[in-house]
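The lines below spell out each chain.
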Amino acid sequence: MRQLEARNAELEQQAELNQTRLQSVETKAAKAAQFTWAPTISEPTGQFSFKPRGVIEADGAAFIERKGGYDFNNGTALRRARIGFEGTALKWWNYRIEVDFAGNAVNITDAYLQYTKIPKTLLTLGQHKAPFGLESNNSDNYNTFLERGMFTNAFGNAGAERRIGLSAAYSPKETVNVTVGAFGDNESISRSSVAPVTDTPDESWGFNGRATWEPIFDTGKIVHLGVSGYYRTALRAGDTKDALRLSDRPNVRVDNGNIADSGVITGVESLLYAGAEATGVFGPFTIAGEYGKLWADRPSLSNVSFDGFYIYGSWFLTGETRPFRNCNFDRVRPFTEVGKDGLGAFEVALRYDKIDLSESPVRPGNEAQSVTLGLNWYFNPFAKLMFNWVRFSGDNTPLDPVGSETKGDAFATRLHLDF
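Positions within a chain are numbered from 1, following the residues in the order the chain's sequence is written. Local features in this predicted model are restricted to residues whose pLDDT is 70 or higher, and side-chain atom pairs enter the listing and the counts only when it is 80 or higher, whereas totals over whole chains, interfaces and linings include all residues. Neither water nor hydrogens contribute to the side-chain values; these are computed over all heavy atoms in the structure.

- Naming follows an unreviewed UniProt entry, where the chain appears as Porin of Sphingomonas daechungensis.

This is the structure in structure tokens:
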């Protein structure tokens, strides 16, 4: 009897141990696969993780031409159609690969590897965003308006945006960040195939940097300041060596007409850019602005310079506050969600935007400005509907004969989903 009782106790203990192990495995399995809009899969020890990511943005726009002979095209377009994946490996490494299928073309947006073991430092190698300014380095998923400021796009395309390179970001504390890097061209830029072999333009290269500071950083109360700059040389515009072209559309991408366009400026040996940014978040109200100036060095010709700025304010009618993280805006999370417990979040915004390319020797006097009124409806943290009324104008634009003026209104909308 004593032997049977001992054996029974042993079996009960073993059964309890097996049950505990089973519960532990179930718990780890639950933690290893977490779902929101897309699953995040992780290995139980935390050494590896994998998460699909993507963005879908469908635009529609209608134009009213108020002055000038250009016929803007009403219509629809996929602004972004991206799919990719990201994750961690061997604890100290992050990775991301993402491809964009919008515009009837396939382009790599991100393809990089990050090393995180060095305290307070992040090293990134591959194609990623070069340090530039607030709007440029902010995620496109968190834009307040359909498009960024015109000078941000034009000057960013000349020396920033996504490029292949190496960068280092140092954050001695949560409210201070300094990022520097060396970059070549974007992977998707086609190599020259027309010019003679002896005259083929080389790949451009340069250095970028951005430094930011939040002297006030609290829930619902943030003040952000920053400066940025870049140097770039071995420039080209298409197959033209030592050339520069700056251009952008009037805050809408459905029509391809550039209201700002410097033309192809030749004899440009290098570019130097300097910019400043500032943001204030006070409860549901946000104010933000940037200014940038670009100098083009033309040793055998007259040097030229260009500048631009934007300033905007936004207000959440439903009381949310715009979050900030790692020197950029973060994802808005509505107090309530459509289809769950309410109507989501509503935001109104107003922006003035200007770019001055009037010193261009190819198209002198070209400058453009716009006023945009926006309304954003956030269904949940990952989906939103955006409306923009853009009133734009430009002098000596490429859309009309030299010396004329272009004026118009664009009524645009976007359905956004990211995961």
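Text resumes after the structure shown.
1. Section: the overall build of the chain
Next, step 1: Secondary structure is summarised from DSSP: a helix means a run of H or I of at least four residues, a strand means a run of E of at least two, and numbering begins at the N terminus for each. Looking only at helices and strands, one finds 3 helices and 26 strands in the chain.
Next, step 2: Across the 419 residues in the chain, those meeting the buried criterion constitute 47%.
Next, step 3: The contact criterion used throughout is that any non-hydrogen atoms of two residues lie within 4.5 Å. In the chain, 61% of the contacts between residues at least 6 apart in sequence involve partners at least 24 apart.
Next, step 4: Accessible surface for the chain amounts to roughly 20300 Å². Of this, 60% is attributable to carbon and sulfur atoms. Residue burial is assigned from relative accessible area. The probe radius is 1.4 Å, only protein chains are included, and a residue is buried under 20% of its type maximum, exposed over 50%, and partly exposed in between. A 1.4 Å probe and the Shrake-Rupley method give the accessible areas. Residues count as covered only by the protein chains that appear here.

2. Some details on the pairing of strand E18 (residues 270-282)
Next, step 1: When DSSP finds two or more bridges between two strands, those strands count as paired. Pairing analysis gives 13 bridges linking strand E11 (residues 221-233) to E18, with the strands arranged antiparallel. Note that in E18 the partner of serine 228 across the bridge is glycine 275.
Next, step 2: Where E18 lies against strand E19 (residues 285-297), 13 bridges are found, and the strand directions are antiparallel. Residue pairing for E19: glycine 280 is matched across the bridge by isoleucine 287.
Next, step 3: What sits between E18 and E19 in their antiparallel hairpin is a turn of 2 residues, with glycine 283 showing a positive phi close to 65°.

3. Observations regarding the environment of proline 250
Next, step 1: Within the secondary structure, proline 250 sits in the loop between strand E15 (247-248) and strand E16 (260-261).
Next, step 2: Between the alpha carbons of proline 250 and glycine 394 there is a distance of 9.1 Å; along the sequence they are 144 residues apart.
Next, step 3: Those residues within four positions of proline 250 in sequence are excluded, and the remaining contacts are Phe72, Met150, Gly257, Ile259, Val390 and Phe392.

4. What about the pattern of salt bridges?
Two side chains of opposite charge can pair, provided their charged atoms sit close to one another.
Next, step 1: For salt bridges, the criterion is a side-chain nitrogen of Lys or Arg within 4 Å of an Asp or Glu carboxyl oxygen. Applying the stated rule across the entire model yields 26 salt bridges.
Next, step 2: Here aspartate 140 makes a salt bridge to arginine 82, at a shortest N to O gap of 3.5 Å. Highlighted residues: aspartate 140 in the loop between helix H2 (134-137) and helix H3 (150-159) and arginine 82 in strand E4 (residues 75-89), separated in sequence by 58 residues. The pair formed by aspartate 140 and arginine 82 is uniform in burial state, with each residue classed as buried.
Next, step 3: Residue aspartate 330 pairs with arginine 325 through a salt bridge whose shortest N-O separation is 3.6 Å.
Next, step 4: Three or more residues are tied together by salt bridges with common partners; here these are Glu57, Asp59, Arg79, Arg80, Arg82, Asp100, Asp140, Glu147 and Arg414.

5. Quick word on the nonpolar core
Next, step 1: To qualify as a nonpolar core, a set must consist of buried Ala, Val, Leu, Ile, Met, Phe, Trp, Tyr and Cys residues joined through side-chain atoms within 4.5 Å. Membership of the largest hydrophobic core comes to 46 residues, with the highest contact counts inside it found for Phe155, Leu246, Leu271 and Ile355.
Next, step 2: Looking at this core, the element that brings in the most residues is H3, giving 5 residues.
Next, step 3: Beyond its immediate sequence surroundings of up to four residues, leucine 271 is in contact with Ala158, Tyr230, Tyr231, Arg232, Leu235, Leu244, Leu294, Trp295 and Ala296.

6. Observations regarding the pairing of strand E3 (residues 49-67)
Next, step 1: Here strand E2 (residues 39-42) runs beside E3; their pairing, made up of 2 bridges, is antiparallel. Opposite isoleucine 41, over in E3, you have phenylalanine 50 as the bridge partner.
Next, step 2: In sequence, E2 turns back onto E3 through a hairpin of 6 residues, with glycine 46 there showing a positive phi of about 85°.
Next, step 3: Bridge count between E3 and E4: 13 bridges; the pairing is antiparallel. Bridging across to E4, alanine 61 finds its partner in glycine 75.
Next, step 4: Direction of pairing for E3 relative to strand E26 (residues 405-418): antiparallel, over a ladder of 12 bridges. Following the sheet pairing, alanine 61 is matched in E26 by alanine 412.

7. Re the environment of valine 252
Next, step 1: Summarising the element assignment, valine 252 is placed in the loop between E15 and E16.
Next, step 2: C-alpha of valine 252 to C-alpha of asparagine 388: the two residues are 136 residues apart in sequence and 9.1 Å apart in space.
Next, step 3: Not counting chain neighbours up to four residues away, the residues in contact with valine 252 comprise Ala61, Phe63, Glu147, Val390, Ala410 and Ala412.

8. Description of the packing of aromatic side chains
Next, step 1: We call Phe, Tyr and Trp rings a pair once their centres come within 6.5 Å, taking the six-membered ring for Trp, and we label the pair stacked below 30 degrees between planes, edge-to-face above 60, and tilted otherwise. Evaluated as defined, the whole model comprises 21 aromatic pairs.
Next, step 2: Taking 6.2 Å as the distance between ring centres and 65° as the angle between the ring planes, the aromatic pair formed by phenylalanine 155 and tyrosine 273 counts as edge-to-face. Of this pair, phenylalanine 155 sits in helix H3 while tyrosine 273 sits in strand E18, placing them 118 residues apart in sequence.
Next, step 3: Considering the side-chain rings of tryptophan 377 and phenylalanine 379, the 4.8 Å spacing of their centres and the 85° angle between planes classify their relative orientation as edge-to-face.
Next, step 4: Taking the relative accessible area as the measure of exposure, tryptophan 377 reaches 27% and is therefore partly exposed.
Next, step 5: Linked through ring pairs, Phe132, Phe145, Phe151, Phe155, Tyr230, Tyr273, Tyr310 and Tyr312 together constitute an aromatic cluster.

9. Re the side chain of asparagine 388
Next, step 1: If you trace the backbone, asparagine 388 turns up in strand E25 (residues 383-395).
Next, step 2: Relative accessible area serves as the criterion here: at 4%, asparagine 388 is assigned to the buried category.
Next, step 3: Within the structure, the side chain of asparagine 388 is placed 3.0 Å from the backbone nitrogen of leucine 146, a separation counted as a polar contact.
Next, step 4: Once residues lying within four places of it in the same chain are set aside, the contact partners of asparagine 388 are Phe145, Leu146, Thr372, Leu373, Gly374, Ala410, Phe411 and Ala412. For this analysis, a polar contact is any N or O atom pair within 3.5 Å, provided that within protein one partner can donate a hydrogen and the other can accept it, and provided that sequence-adjacent residues contribute only side-chain to side-chain pairs.

10. Here's the deal with the environment of arginine 333
Next, step 1: The topology assignment puts arginine 333 in the loop between strand E22 (328-329) and strand E23 (345-357).
Next, step 2: Sequence-wise, arginine 333 and proline 323 are 10 residues apart; in three dimensions their C-alpha atoms are separated by 8.7 Å.
Next, step 3: Every residue in contact with arginine 333, bar those within four places of it in the chain, is listed here: Glu320 and Pro381.

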